[in-house]
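Each chain is listed here by its residues.
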Amino acid sequence: MPSPSPADDSRILTEADVRVLPFFPLPDAVLIPGALLPLHVFEPRYREMAHHVLAGDRLLAVARLRPGFELDYQGRPPVYEVCGVGEVVDDTRRSDGRYDIVLKGLARVRIADELPPLQTYRTMRAELLGDQARGEPATAQAWQMQLALLWQKLGPQLPPKLRDLRAFLGNRTEPGVIADRIGAAILADPDDRQRLLEELDPAERLALLAQHIQELLGALTGGRTLDLN
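Keep in mind that this is a model prediction, so the values were computed, not measured. (Residues numbered from 1 in each chain as written. Predicted model: local features only at pLDDT ≥ 70, side-chain atom pairs only at ≥ 80, totals over all residues. Heavy atoms only, no water.)

Q: Honestly, the confidence of the model for the protein in this entry has me stumped. Any pointers?
A: Low pLDDT means the predicted atomic positions in that stretch should not be read closely. Here the protein averages 90 in pLDDT, while 92% of its residues score no lower than 70. Scored below 50 in pLDDT, residues 1–7 makes 33 contacts in the model with residues more than four places away or belonging to other chains. (pLDDT = per-residue confidence, 0-100. Contact = heavy atoms within 4.5 Å.)

Q: Teacher, can you tell me more about the environment of Pro 159 here?
A: In this fold, Pro 159 is placed in the loop between helix H2 (137–154) and helix H3 (160–163). Sequence separation between Pro 159 and Leu 200 is 41 residues; the distance between their C-alpha atoms is 28 Å. (Helix = DSSP H or I, 4+ residues; strand = E, 2+ residues; numbered from the N terminus.)

Q: Honestly, the nonpolar core in this entry has me stumped. Any pointers?
A: Nonpolar side chains in soluble globular proteins generally cluster together in the buried interior. Leu 147, Trp 151, Ile 182, Ile 186, Leu 209 and Ile 213 are the most contacted members of the largest nonpolar core, which has 32 residues in total. Secondary structure elements with two or more residues in this core: H2, helix H4 (165–169), helix H5 (175–186), helix H6 (190–198) and helix H7 (202–221). Ranked by residues supplied to this core, first place goes to H7 with seven residues. With residues near it in sequence (within four places) discarded, Trp 151 still touches Leu 158, Leu 162, Arg 163, Leu 165, Ile 182, Ile 186 and Ile 213. In terms of nonpolar packing, the next biggest core, distinct from the first, is built from 19 residues, Phe 24, Leu 60, Val 62 and Tyr 121 among them. (Core = buried A, V, L, I, M, F, W, Y, C linked by side-chain atoms within 4.5 Å. Buried < 20%, exposed > 50% of the residue type's maximum accessible area, 1.4 Å probe, protein only.)

Q: Quick question: what am I supposed to make of the environment of Glu 198 here?
A: Topologically, Glu 198 is positioned in helix H6. Classification of Glu 198 as partly exposed rests on a relative accessible area of 38%. Residues Glu 198 and Arg 110 lie 88 residues apart in sequence; the distance between their C-alpha atoms is 9.2 Å.

Q: Which parts of the structure should I look at to understand the side chain of Arg 181?
A: Positionally, Arg 181 belongs in helix H5. From its side chain, Arg 181 meets the backbone oxygen of Leu 169 in a polar contact 2.8 Å long. (Polar contact = N/O pair within 3.5 Å; in protein donor to acceptor, adjacent residues only side chain to side chain.)

Shown next as structure tokens:
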């Protein structure tokens, strides 16, 4: 199962923070705001990246590689334009130069331009993406209520720390934050996580999660074992 969201005491990013931003292109990693993402950094170019990040503002984006990246992995293969940016909240440098880091997702960004290769790792100029509600607030509230009802049915199949939705969400009531926290906890498939990341309307994110939970419940009633891994 993906790492659930921690208590939210995130720093607030500004456009200046993402004007020049290193990014880590990975095949199946999608960093959702609020989630924790552990990473093992071993390639020389990304060791250089980790050293730069830790010596600076500790901000790093994770961009998911598009299919077919294997043909140009050592170069600059295409990535999805919408990615997550996070802060390194834990780090360990091993004796052989490798790094173990943990990123905490802070925000969505869109790659505006990939910057020239002045170093071995890749960097971008990004733009911050905030929530953009397309409907009435009541729509998001209705989906929150629907999710809460579905969660009660799913609860017995979840790890103990996730069963109490109210406790898991803490005191956060914003639809976008709620969607991201739930999505980070229950979405394992990279395509599902990327879709959630790219959706800027909180109500639509909540609707996607409600559909996903209904499918999980359907798997249970069909006699199949629930798999959140």
